[in-house]
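# Per-entry structural report
In case you want the letters, here they are:
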Amino acid sequence: MEERKVVVVTGGSGDIGRAICLQFAHQGYAVAFTYMRSYESARLLEDELQALGIPVLSVKAQLANTADITALFNEVEKKYGRLDCLVNNAASGVQRSVKEITEKHWNWTHDVNVKAPWLCSVAAAKLMSAGGSIVNISSLGSNRVLPYYVAVGTSKAALESLTRYLAVEFASDDIRVNAVSGGVVRTDALTHFPNRDYMEKISEERTPAGRLVRPDDIAKATVFLASEDALMIRGQVLVVDGGYSLVGI
C-alpha cells in the first residue's frame, strides 16, 4: 500500500486554513496544522479530520518566533518522517493607514507574513526528499492599493516575490512553489477591517461571478497546485477572485 502523503498547513484553525486542511484530507493526506490563539477551533478541526480517518498533528506555534518553526518541523519529522506539501497560510497584520501604522505593527506583519514562510519553506524542503510542493496564500492587496491594508499588502507583495525566488532555487530538488491570491473572502478576519461592510458590498457588486470568494474556493485551488496536474506550473500566482480584478473602476 502506498504511503500516505503529508501536508503542513500553517494557520490551519482559521476559516481558510480549515478549508485547506479538509480538502487535503479528502485527497488522503495526513495533516499537520498550526494554530496560535484559537485553541477551541483547533480541537474542532482535529475532531473533523480524525472522523475522516486522517492522521492529524496540531501544533501551537507563534510563527514570528524562529524556535517555534524549528519545533514544528521537528514534530512533523518525528510523527510522519516525511513531508510532501507545505501551505504557508498563516497571516497577521494591523488594519491602519500609512500614517497610523507603527514600526512595531510593520515588523510584526512582515515577520509573520514573509519571514515565516521563508523559514518554513527552508525547513519543509529538508523533509521533502522525494520532491514536493509549497503553496503560499496571498491576496489581491499585493498589487492593488486597498484602504488600511498597507502593512499586509506590502507583505503579500513580498510573499509573491519570495514565491518566484523559491520556485527557481528549489526546482533542482523537485519542489514546486506557487501562490494562490484570493479576492475578498467572507471570513472572521474581515471583522478587523474598519470598512468591512463597504468592502463586502462593493466587492459583491463588482465580482462578475456574482458572489464573494469562499474558503473552499481557495482550498480547491491550493490542492490543485499541489497536485501532479500542476507539475509544470512554477513560481506563479493563481488569482481566485471570481473575476473581481478584471473589472475597471
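Residues numbered from 1 in each chain as written. Predicted model: local features only at pLDDT ≥ 70, side-chain atom pairs only at ≥ 80, totals over all residues. Heavy atoms only, no water.

Inspection of the entire model under this criterion finds 2 aromatic pairs. For the pair Tyr35 and Tyr39, a centre-to-centre distance of 6.4 Å together with 65° between the ring planes defines the contact as edge-to-face. A relative accessible area of 10% means that Tyr35 is categorised as buried. Given the relative accessible area of 45%, Tyr39 is considered partly exposed. (Phe/Tyr/Trp six-rings, centres within 6.5 Å; stacked < 30°, edge-to-face > 60°. Buried < 20%, exposed > 50% of the residue type's maximum accessible area, 1.4 Å probe, protein only.)

Under the criterion given, the structure shown has 6 salt bridges. A salt bridge links Arg82 to Glu3, with the shortest nitrogen-to-oxygen separation between them at 3.3 Å. You can see Arg82 sitting in the loop between helix H3 (66–80) and strand S4 (85–88) and its partner Glu3 sitting in the segment before strand S1 (6–9), a full 79 residues away along the chain. By relative accessible area, Arg82 is classed as buried at 18%. Within the structure, one salt-bridge network assembled from shared partners comprises Glu3, Arg82 and Asp84. (Salt bridge = Lys/Arg side-chain N within 4 Å of Asp/Glu carboxyl O. Helix = DSSP H or I, 4+ residues; strand = E, 2+ residues; numbered from the N terminus.)

The residue Gly183 is located in the loop between strand S6 (175–182) and helix H6 (196–206) in this model. Assessed through its relative accessible area of 17%, Gly183 is described here as buried. With 24 residues separating them in the primary sequence, Gly183 and Thr207 have C-alpha atoms 9.4 Å apart. With near-sequence residues (within four places) excluded, Gly183 lies in contact with Leu140, Val213, Val240 and Asp241. (Contact = heavy atoms within 4.5 Å.)

With that settled, consider the packing of helix H1 (residues 15–26) against helix H2 (residues 39–51). Interhelical geometry of H1 versus H2 gives an angle of 15° and a closest axis separation of 10 Å. As summarised for this structure, H1 and H2 are arranged roughly parallel, according to the angle between their axes. Classified by chirality, the crossing of H2 by H1 is right-handed. Seen from H1, the contacting residues are Arg18, Cys21, Leu22 and Ala25; seen from H2, they are Leu45, Glu48 and Leu49. In terms of residue class, the contact of H1 with H2 is made up of 5 nonpolar, no polar and 2 charged. (Axes fitted to C-alpha atoms, helices over the stretch in contact; angles between N-to-C directions. Parallel < 35°, antiparallel > 145°, perpendicular 65-115°, else oblique. Left-handed = near helix turned anticlockwise from the far one by under 90°. Nonpolar A, V, L, I, M, F, W, Y, C, P; charged D, E, K, R; others polar.)

A positive phi angle, close to 65°, is found at Tyr148, a residue other than glycine. For Tyr148, the position within the fold is in the loop between strand S5 (132–139) and helix H5 (150–169). Using a relative accessible area of 33% as the deciding quantity, one classes Tyr148 as partly exposed. Residue Asp174 is not a glycine yet carries a positive backbone phi of 60°. Following the sequence through the fold, Asp174 ends up in the loop between H5 and S6. According to the relative accessible area criterion, Asp174 is partly exposed, its value standing at 41%.

Once that is clear, we can look at the nonpolar core. Counting residues in each nonpolar core, the largest one holds 33 residues, and the members touching the most others are Phe24 and Phe33. Elements with a contribution of two residues or more to this core: S1, H1, strand S2 (30–35), H2, S4, S5 and helix H7 (215–226). No other element matches the 7 residues that H1 contributes to this core. If sequence neighbours within four positions are ignored, Phe33 has contacts with Val9, Gly12, Ser13, Cys21, Ala42, Leu45, Glu46, Leu49, Val56, Leu57, Ser58 and Val59. Counting residues in each nonpolar core, the second largest holds 31 residues, with Val6, Ala32, Val59 and Phe73 among its members. (Core = buried A, V, L, I, M, F, W, Y, C linked by side-chain atoms within 4.5 Å.)

On to the environment of Cys120, then. Counting through the fold element by element, Cys120 comes out in helix H4 (residues 103–125). A C-alpha to C-alpha distance of 11 Å links Cys120 and Ala71, two positions 49 residues apart in sequence. When near neighbours in sequence (up to four residues on either side) are disregarded, Cys120 contacts Thr10, Leu63, Ile69, Phe73, Leu86 and Asn88.

The strand order across the open sheet formed by 7 strands is S3-S2-S1-S4-S5-S6-S7, and the pairing between neighbours is parallel. The sheet is open, and its two edges are formed by strand S3 (56–60) and strand S7 (237–240), each paired on a single side. Strand-to-strand twist in this sheet, taken as the mean axis angle between neighbours without regard to direction, amounts to 15°. The pairing of S6 with S7 spans 4 bridges and is parallel. (Pairing = 2+ DSSP bridges.)

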